[in-house]
Amino acid sequence: MSSAPESEETSAGPVEQEVRSTSDASDFSSFPGALGLRLIERHARFYRRLWLVVASGAAEPLFYLLSVGIGIGGLIGTVQGPAGYPVPYREFVAPGLLAVSALNGALNDSTFNVYGRLKFEKLYDSVLATPLGAQDVALAEIGWAVVRGILYAVPFLIVMAAMGLIVSPWALLALPGAALVAFATAAAGVALTTYMKSWQDFEYVVLVSVPLFLFSGTFFPLSVYPHVIGLIVEWMPLYQGVVILRDLVLGAPTWALLWRAAYLAAIGALGMAVAGRRIAKLLLV
Amino acid sequence: MSVTASSPADRSRAWGADSRPEGLPPAISPDTLHAPLGKLPGGWELSVRAFRCWLVMYRRTWRASIWSSILGPLFYLGAMGYGLGSLVDAHGTASLGGVSYVVFIAPAVLAVHAMNTALSNSMFPVFGAMRWNSIYLAARATMLRPADINRGHLLFITMRIAMNSACFVIVMAAFGLIRSWWGVLLLPASVLLGLAFAAPVAAWTVTLKTTTPMNYIIRFGSIPLSLFSGTFFPISRLPAWIRPLAYATPLWHGVALCRSLALGTVTAGSAAIHVGYLAAMAAIGLWAGARSYRGRLYV
């Protein structure tokens with residue numbers, strides 16, 4: 001949630017060229033979109049050397065959990081939980097921050113880094129010289145951003161469990177839930193990044209992500225808002241993710257969660273379709 | 001082209017002064033280049049010239065950052081102060097000194113905003129001026145000395161901190177979050193806090209070879225600082241063993257100073273300690289900046 005960083009890749013010194021062809025590409029092409037795995041593998045190899053960057057990104061929501069959950073939680077006491085009875089504030093806020101950590105991981109990669117690869121590294125130009133197509137690039141970028149969202153969410157879940165903030169076995173579904181948040185974020189992020197003209201445009205990413213982070217029911221229940229604003233907040237994608245994860249972790253799932261999940265999946269599918277078409281157009285396929 | 005020519009006329013011919021296209025200013029001859037420079041203007045005059053270079057650039061680029069630098073802290077004030085604050089106030093505000101939560105955190109949001117403005121202007125822009133667009137290297141080719149280049153950039157950063165802080169102080173006053181006339185000192189206090197971060201960080205950034213360490217400063221430096229320095233909850237809520245560390249951080253001194261000014265609880269002794277601490281950091285940063293800029297630019 002801090003000032004806009006530059007792309008991690010363009011700033012990380014000389015780019016490692018990983019074009020070793022260890023096996024034939026047809027190994028993977030048995031199911032649609034499978035070629036994109038090759039690009040995901042490239043990113044995984046690249047980030048093996050930058051693991052501390054990924055680890056430090058995962059630490060950010062943990063600091064918020066300690067500060068807001070423990071520090072401010074003591075000033076608040078209990079709030080109304082999803083099941084209708086009051087829960088301690090730290091149990092209330094933790095699933096919200098879990099959703100934020102998945103969003104953060106996916107957003108950083110699908111915006112700043114995709115832009116860097118698209119405009120400065122010209123990575124996709126060389127990718128298109130291989131059997132991969134523009135749709136594979138879109139799939140792989142979204143897939144890698146989801147992987148990064150999951151990499152942020154897993155340590156957060158472990159810390160939540162260690163702090164005794166997971167109170168229900170339904171929490172086992174929290175990881176797929178976080179992956180869904182990451183998927184919707186990543187697809188929308190890649191799609192919107194294809195419309196960016198310069199680094200200055202990324203100010204808008206910050207301008208959108210900060211209010212999403214603060215007002216999506218992460219830190220306080222919807223009942224705090226006036227009724228009209230509450231209706232607007234309900235349409236925010238992160239709000240749906242926060243509600244899904246909170247209901248699961250606090251053990252009060254309802255059938256309505258499926259509708260919320262479908263809403264996030266629809267955003268993801270739309271973003272994916274737009275991203276594929278736009279990347280094809282930008283790279284003149 | 002002969003470079004061993006001896007007479008001045010030969011030398012300017014060797015530099016192509018005769019064959020220049022019409023309309024271009026005369027080429028600088030080696031004699032001019034190697035002439036003794038005479039006495040350079042002392043004091044801050046050359047620093048102000050470096051500052052004006054940054055102003056010229058800012059006139060072209062201010063639109064990009066204006067929204068996030070004004071709206072960002074307002075989002076935090078609205079969400080934390082009013083949204084979360086409604087839950088805190090319902091539970092009781094005795095541990096906050098009896099003021100409502102939004103009054104408690106508004107001066108802290110101001111201090112954090114000043115720190116973040118200072119950091120975002122003294123990391124990537126300094127690194128870029130050294131490595132990407134080489135503004136510093138161009139400035140080195142003029143009569144500016146490394147210390148002038150450093151202080152000129154810091155003058156510009158100070159201006160940015162003052163602009164952002166002034167916007168937020170006006171909002172605080174409009175929402176009735178300033179409870180004392182001491183509040184007129186909030187602006188200089190937040191500028192001092194910003195400079196206490198900007199000067200040492202700029203001195204450090206100019207020595208970097210990659211941008212990766214700057215990400216660590218944000219994630220392991222400014223984010224924990226802004227969450228645990230008595231900003232969103234009193235330090236007395238932290239475990240006892242970690243409190244001395246929180247009291248030693250520069251951000252806590254800035255937060256405590258701004259809060260005492262906004263609430264009118266300021267005392268001469270505590271204010272002197274806070275101001276002295278922050279001024280010492282800024283002074284050390286200026287001294288270190290003159291040294292590290294010299295090391296990077298005169299090699």
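Residues numbered from 1 in each chain as written. Chains lettered and ligands numbered in written order. Predicted model: local features only at pLDDT ≥ 70, side-chain atom pairs only at ≥ 80, totals over all residues. Heavy atoms only, no water.

Peer 1: How would you sum up the overall build of chain A? Please name residues and give values.
Peer 2: Scanning chain A from N- to C-terminus turns up 10 helices and 2 strands. Beginning at the N terminus, the succession of helices and strands in chain A can be written as α-α-β-β-α-α-α-α-α-α-α-α. Taking all 285 residues of chain A together, the buried fraction comes to 54%. Sequence separation of at least 24 residues holds for 79% of the intrachain contacts in chain A that already meet a minimum separation of 6. For chain A, the exposed area adds up to about 12100 Å²; of that, 68% sits on carbon and sulfur atoms. (Helix = DSSP H or I, 4+ residues; strand = E, 2+ residues; numbered from the N terminus. Buried < 20%, exposed > 50% of the residue type's maximum accessible area, 1.4 Å probe, protein only. Contact = heavy atoms within 4.5 Å. Areas by Shrake-Rupley, 256 points an atom, 1.4 Å probe, with all protein chains shown as cover.)

Peer 1: I'd like to hear about the interface of chain A and chain B, residue by residue, with values.
Peer 2: On the chain B side, the residues contacting the 40 residues of chain A number 39 residues. Here chain A and chain B share an interface that buries about 3500 Å² over both sides, 74% of which is from carbon and sulfur atoms. It is Phe 63, Leu 75 and Leu 207 of chain A that lose the most area in chain A upon contact with chain B, and together they represent 18% of the buried surface on that side. At the junction of chain A with chain B, the criterion picks out 0 salt bridges. For the pair chain A and chain B, the interface holds 4 residue pairs in polar contact (both at pLDDT 80 or more). At the level of elements, helix H2 (51–76), helix H3 (89–121) and helix H7 (203–215) of chain A are the ones that each hand at least two residues to the side of chain A that touches chain B. Of all the elements, H2 of chain A adds the most residues to the side of chain A that touches chain B, at 16 residues. When the residues that make up the side of chain A that touches chain B are grouped by side-chain class, the tally is 25 nonpolar, 11 polar and 4 charged. (Buried area = accessible area lost by both parts, 1.4 Å probe. Salt bridge = Lys/Arg side-chain N within 4 Å of Asp/Glu carboxyl O. Polar contact = N/O pair within 3.5 Å; in protein donor to acceptor, adjacent residues only side chain to side chain. Nonpolar A, V, L, I, M, F, W, Y, C, P; charged D, E, K, R; others polar.)

Peer 1: I'd love a proper account of the side chain of Ser 222 of chain B, names of residues and values included.
Peer 2: Structurally, Ser 222 of chain B can be placed in helix H9 (residues 212–228). Those residues in contact with Ser 222 of chain B, other than ones at most four positions away along the chain, are Met 115, Asn 116, Leu 119 and Ile 217 of chain B.

Peer 1: Can you tell me about the packing of aromatic side chains, naming the residues and giving the values?
Peer 2: Each aromatic ring pair is described using two quantities: the centre-to-centre distance and the angle formed by the ring planes. The final tally for this structure, using the stated rule, is 21 aromatic pairs over all chains. Measuring from centroid to centroid gives 5.4 Å for Phe 46 of chain A and Tyr 47 of chain A, while their planes differ by 70°, and the two rings are edge-to-face. As far as the burial class goes, Phe 46 of chain A and Tyr 47 of chain A line up, both buried. When the centroid spacing of 6.1 Å and the interplanar angle of 50° are considered together, the rings of Tyr 82 of chain B and Phe 175 of chain B count as tilted. Taken as a pair, Tyr 82 of chain B in helix H3 (residues 45–91) and Phe 175 of chain B in the loop between helix H7 (146–174) and helix H8 (186–205) lie far apart in primary sequence, 93 residues in all. With a relative accessible area of 51%, Phe 175 of chain B lands in the exposed category. What links up through ring pairs into an aromatic cluster is the set Phe 112, Tyr 115, Phe 120 and Phe 202 of chain A. It is Arg 49 of chain A that lies over the ring of Phe 46 of chain A; its NZ or CZ is 6.0 Å from the centre. (Phe/Tyr/Trp six-rings, centres within 6.5 Å; stacked < 30°, edge-to-face > 60°. Lys NZ or Arg CZ within 6 Å of the ring centre and 35° of its normal.)

Peer 1: I'd like a description of helix H9 (residues 237–249) of chain A, backed by residues and values.
Peer 2: Residues and elements named next belong to chain A. Between the first and last C-alpha of H9 there are 19 Å, a value that for 13 residues agrees with the 18 Å anticipated at 1.5 Å per step. Buried residues belonging to H9 abut H3, helix H5 (134–162), helix H6 (174–193), H7, helix H8 (227–233) and helix H10 (256–282). Backbone geometry just downstream of H9 places Gly 251 in the positive-phi region, at approximately 75°. (Expected span 1.5 Å × (residues − 1).)

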